[in-house]
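Structural overview
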Amino acid sequence: MNPHDIEEFELDTILDLIDKCYGYNFKDYSRASIKRRIQNLASACNCEHISELIPKVLYQDNFLDKFLKGMSVTVTDMFRDPWVFKIFKEKIIPQLRIHPQINIWHAGCATGEEVYSMAILLKEEGLLKYSRIYATDFNNHSLDIAKKGIYPLEKMQRYSKNYLDAGGKYSLSEYYDVKYDVAKFSRELTERITFSHHNMGVDQAFGEMNLIICRNVLIYFNKTLQNRVFTLFYDSLMPRGVLLLGDKESIDYSEINSKLTAVSSKARIYQVR
Amino acid sequence: MNNYEAIVIGVSAGGLHALNRILPHFDQSLKTPVIIVQHRQDEHENMLSNLLNNMTTTQVKDVEFNEVIKPQTIYVAPSGYHLQIEADKSFSLSRDPKVEYSRPSIDVLFESAADVFKNKLIAVILTGANYDGSNGLKKVRELRGLAIVENPATAGFSTMPERAITIAGADHVLSIDKIGQYLKECCNGP
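Definitions and cut-offs
Throughout this document, residue positions are counted from 1 along each chain, in the order its sequence is written. As a convention, the first chain written is A and the first ligand written is 1, with the rest following in written order. Totals for whole chains, interfaces and linings use every residue, but because this is a predicted model, local features are given only for residues with pLDDT of at least 70 and side-chain atom pairs only at 80 or more, for both listing and counting. Derived side-chain values reflect all non-hydrogen atoms in the structure, with water molecules and hydrogen atoms excluded from consideration. Comment: elements are numbered from the N terminus, with helices defined as DSSP H or I runs of at least four residues and strands as E runs of at least two. Throughout, radius of gyration means the C-alpha value; the globule benchmark is 2.2 Å times the number of residues raised to the power 0.38. For each residue, the accessible area found with a 1.4 Å probe, counting protein chains only, is set against the maximum for its type, and the residue is called buried under 20%, exposed over 50%, and partly exposed in between. Note on definitions: a residue-residue contact is assigned when non-hydrogen atoms from the two residues lie within 4.5 Å. Here the accessible surface of atoms and residues is derived via Shrake-Rupley with a 1.4 Å probe, and residues count as covered only by protein chains that are part of the display. Only Phe, Tyr and Trp rings are paired, with Trp represented by its six-membered ring, and only when their centres lie within 6.5 Å; those with planes under 30 degrees apart are stacked, over 60 edge-to-face, the remainder tilted. Whether a charge lies above a ring is judged from NZ of Lys or CZ of Arg, which has to be within 6 Å of the ring centre and within 35 degrees of the ring normal. Only residues whose relative accessible area exceeds 30% and that form no salt bridge enter a patch; like-charged residues are grouped when within 9 Å of one another, and nonpolar side chains (Val, Leu, Ile, Met, Phe, Trp, Tyr) when within 5 Å. The rule for a salt bridge is simple: a side-chain nitrogen of Lys or Arg has to be within 4 Å of a carboxyl oxygen of Asp or Glu. In this description, strands pair whenever DSSP reports at least two bridges between them. By buried area we mean the combined loss of accessible area, with a 1.4 Å probe, across both parts when two parts are placed together. Any residue outside Ala, Val, Leu, Ile, Met, Phe, Trp, Tyr, Cys, Pro, Asp, Glu, Lys and Arg is labelled polar, Gly included; the first ten of those are nonpolar and the last four are charged. Axis angles are defined between N-to-C directions and span 0 to 180 degrees, where every axis is a line fitted to C-alpha atoms and, for a helix, only to the segment in contact. Note on terminology: angles under 35 degrees are roughly parallel, angles over 145 are roughly antiparallel, angles of 65 to 115 are roughly perpendicular, and the others are oblique. With the far helix as reference, a near helix turned anticlockwise by less than a right angle produces a left-handed crossing, and one turned clockwise produces a right-handed crossing. What fixes the domain bounds is an automatic or database domain assignment. Whenever two N or O atoms come within 3.5 Å, that pair is a polar contact, provided that in protein one can donate a hydrogen and the other can accept it, and provided that, for residues adjacent in sequence, both atoms are side-chain atoms. An expected span of 1.5 Å times one less than the residue number is assigned to each helix.

**Some points on the overall build of chain A**
What chain A contains, in helices and strands, is 11 helices and 10 strands. Here chain A has a C-alpha radius of gyration of 20 Å; the compact-globule value for 273 residues is 19 Å, and the two agree. C-alpha atoms of chain A, sized along the principal axes, occupy 60 × 50 × 25 Å. The buried share of chain A, reckoned over its 273 residues, is 54%. In chain A, of all internal contacts separated by at least 6 residues, the share reaching a separation of at least 24 is 75%. Just so you have it, chain A exposes about 12,400 Å², and 50% of that area is on carbon and sulfur atoms.

Set out below in C-alpha cells:
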C-alpha cells in the first residue's frame, strides 16, 4: 500500500473502532472534514499516524470526551449572520404569536451561543415566557459550557455588534452579568432552556416542535445522514412548523423538499406546507 | 495529455489582477472544472464570482450545498467557509477554524482535492502575502498531481509562491501571462 492508501485504511479503522467502542458513527460524516479533524486530533495527541489513536480509544479512560471535543470544533457566534435574525423576526415571529406555547428545538447547539441569541430575540418580542427551548448536542463537554451560559468577556464586543445588526432593541449587556473576565447570561433566559444530550445520527424525533434551528451542522454530514436528519426534523415539526438552517444549507434535492416551502430561501427559512 | 479531472487555484493578495490574466484563457473549449480559493477580508463578501464572471465566457459560480462538480465550470469557495472535495466528486463546506489565518483555506481545498483526484489534479499557487497553500501543494505533489507556481519574481505579492516553492517545490514556475495558456494546453493539448 502507498502512504495515501495506508492513511485511508487507518481512518476507516479508527472510525470503525469509534463506532464499536463508543457507539458514535462518524462514517456518515463528510469524509474530508472528519479526516482533517482526526489528523488534527492525532497531532494534538503527539501521534504521527492516525492509527496511534487506536490504543487510546481502547485503553485510555475518558478518551471519548477528548475525541468528541476534537470532532466538534466548529466556530460559533452569537447572532451569527445578523441579517438572518432580521428576516426571521419579520417573517416568523408574527406567526409564532398565534401559539399559546412555542416549542423550539435547537439541534446541534454546540456551546450555546446561538441558543441564547434566539432566547434574547424571543424575550424582546415578548414571546420568551411562552417558549420552551430544547437545546441538544452529542458533545457533553459543549453542553456543559452551554448550560453554564458563561463566555469570555472579550467576545462580547463582537457579539454586541452582531446583536445590534440583528435589530436588537436595547444593549446586549442587559442580558448578562460581568464577573472578572467573563459574562454570565441571566437566569430569565436560562430557565426557559433545557439542554440535553441527543445524537442526530441515532436518536429519535423530538415531538411537536413549532420551530427547529439547526445551523451549520448538516454541512458536515454526507447525503445519507442529511436525509436521516431532514426526516427527523420533518417528523418533529407541527403543521406549519418552521425549519431554520445555516446560510449555505438547503433542503433542495433532499427527501423532504416537497414537504416544506421556502419562506426565505436566502435566509434558509423553510416551513411545513 | 494526462486527462486531468480538475484544476485547483489558490490565490490571496493581488488575486483579482492575477485571475484577470488567467481566466480569459478559460473559454468553452476547456472542459476541465476549475476550483478557486481566493482569500478575502470580509467573511460575508459574495461579489467575487460576479466579478470573475466578467473575465471569462465560462460560467463562474459560488459553490452551493452538496453541489456535484461539473465540467466547463469555474467554482469559487464561498467566503467564510472551507471548501473540500469528497470522494464522490461533490463539494462539501466546513466552518472549522481558520487554517493559516484563512477560511476558506487553500491548504484545505488542495489536500482534499489531492486525496480524490491524485495524479489527475493540477494545483496552482498564485500571488499572496501569507503561507497558506504550501502544505496543500506538498500533498498534491506527494500524490503525483501537477504543481504550478507563479514566478515570485513577477508576482504581485511574492510570499505565498515563494513559500510554496520552498515547502512543496513545483513542476513549473511560470509568469502569470504563461499560466492560463499552459493550463489550457495541459487539459486540451496544444
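From this point, the discussion proceeds with the structure in view.
**What about the packing of aromatic side chains?**
All names here are of chain A. Taken as a whole, this structure holds 18 aromatic pairs over all chains when the rule is applied. A centroid spacing of 5.6 Å and a plane angle of 65° characterise the contact between Tyr 176 and Phe 185, whose relative ring orientation is edge-to-face. Assessed through its relative accessible area of 2%, Phe 185 is described here as buried. Three or more aromatic residues joined by ring pairs make a cluster, and in this case those are Tyr 24, Phe 26, Tyr 29, Phe 67, Phe 138 and Phe 221. In this structure, Arg 37 is placed above the aromatic ring of Tyr 220, and the distance from its NZ or CZ to the ring centre is 4.3 Å. Over the ring of Trp 83 we find Lys 266; its NZ or CZ atom is 4.0 Å from the centre of that ring.

**Some details on a nonpolar patch on the surface**
A surface patch of nonpolar side chains, amounting to about 340 Å² of accessible area, comprises A:Met1, A:Ile6 and A:Phe9. Of note, A:Phe9 is situated in helix H1 (residues 3-22).

**Concerning the pairing of strand S5 (residues 82-85) of chain B**
Residues and elements named next belong to chain B. Of the two faces of S5, both are covered, the one formed by His 82 and Gln 84 as well as the one formed by Leu 83 and Ile 85. In this structure, S5 lies alongside strand S6 (residues 91-94), joined through 4 bridges in antiparallel fashion. Bridge assignment links Ile 85 to a residue of S6, and that residue is Phe 91. Connecting the antiparallel pair S5 and S6 is a turn made up of 5 residues, with Lys 89 showing a positive phi of about 60°.

**A closer look at the interface of chain A and chain B**
With 25 residues of chain A at the contact, the number on the chain B side is 26 residues. Approximately 2,100 Å² of surface area, both sides summed, lies buried where chain A meets chain B, with 50% of it carried by carbon and sulfur atoms. On the chain A side of the contact with chain B, A:His4, A:Arg36 and A:Lys248 bury the most area, a combined 29% of that side's loss. In this assembly, chain A and chain B are joined by 4 salt bridges. Here B:Glu111 ties to A:Arg36 by a salt bridge, and the two come within 3.0 Å at their closest N and O atoms. Elements with a contribution of two residues or more to the side of chain A that touches chain B: H1, helix H2 (31-44) and helix H11 (223-236) of chain A. Per-element accounting of the side of chain A that touches chain B gives the leading share, 6 residues, to H2(A). Considering only residue class, the side of chain A that touches chain B consists of 6 nonpolar, 7 polar and 12 charged.

**Some words on the sheet that holds strand S7 (residues 121-125) of chain B**
Residues and elements named next belong to chain B. Across the sheet, 7 strands lie side by side as S3-S4-S2-S1-S7-S8-S9; this open sheet has parallel pairing. The outermost strands of the open sheet, each flanked by one partner alone, are strand S3 (59-62) and strand S9 (172-174). Neighbour to neighbour, the strand axes of the sheet diverge by 20° on average, direction disregarded. Looking at chain direction, S3 and strand S4 (residues 73-76) are connected through 4 bridges and run parallel. Across the sheet, Asp 62 pairs through a bridge with Val 76, a residue of S4.

**Considering the packing of helix H5 (residues 82-91) of chain A against helix H7 (residues 113-124) of chain A**
Residues and elements named next belong to chain A. Contact geometry of H5 with H7 gives a least axis separation of 12 Å together with a crossing angle of 40°. What the angle tells us is that H5 and H7 run oblique. Pair H5 / H7 crosses with right-handed handedness. Touching Phe 85, Phe 88 and Lys 89 of H5 are Ser 117, Met 118 and Leu 121, all from H7.

**A word on the domain arrangement of chain A**
Residues and elements named next belong to chain A. Here the domain parsing of chain A yields domain 1 (3-71) and domain 2 (82-272). Tallying the contact residues gives 10 residues for domain 1 and 11 residues for domain 2. Taken together, both faces of the contact between domain 1 and domain 2 bury some 1,000 Å²; the carbon and sulfur share is 55%. When the area that domain 1 buries against domain 2 is broken down by residue, the three leading residues are Tyr 24, Asp 28 and Tyr 29, summing to 47%. Our count for the contact surface shared by domain 1 and domain 2 stands at 0 salt bridges. Our count for the domain 1 to domain 2 interface comes out at 5 residue pairs in polar contact (both at pLDDT 80 or more).

**Section: H2(A)**
With 14 residues, H2(A) ought to run about 20 Å at 1.5 Å a step, and its terminal C-alpha atoms sit 20 Å apart, in line with that. Those residues of H2(A) lying buried are A:Ala32, A:Ser33, A:Ile34, A:Lys35, A:Arg36, A:Arg37, A:Ile38, A:Leu41 and A:Ala42. In this structure, the buried side of H2(A) is in contact with H1 and helix H4 (63-71) of chain A together with S5, S6, helix H3 (106-117) and helix H4 (134-142) of chain B.

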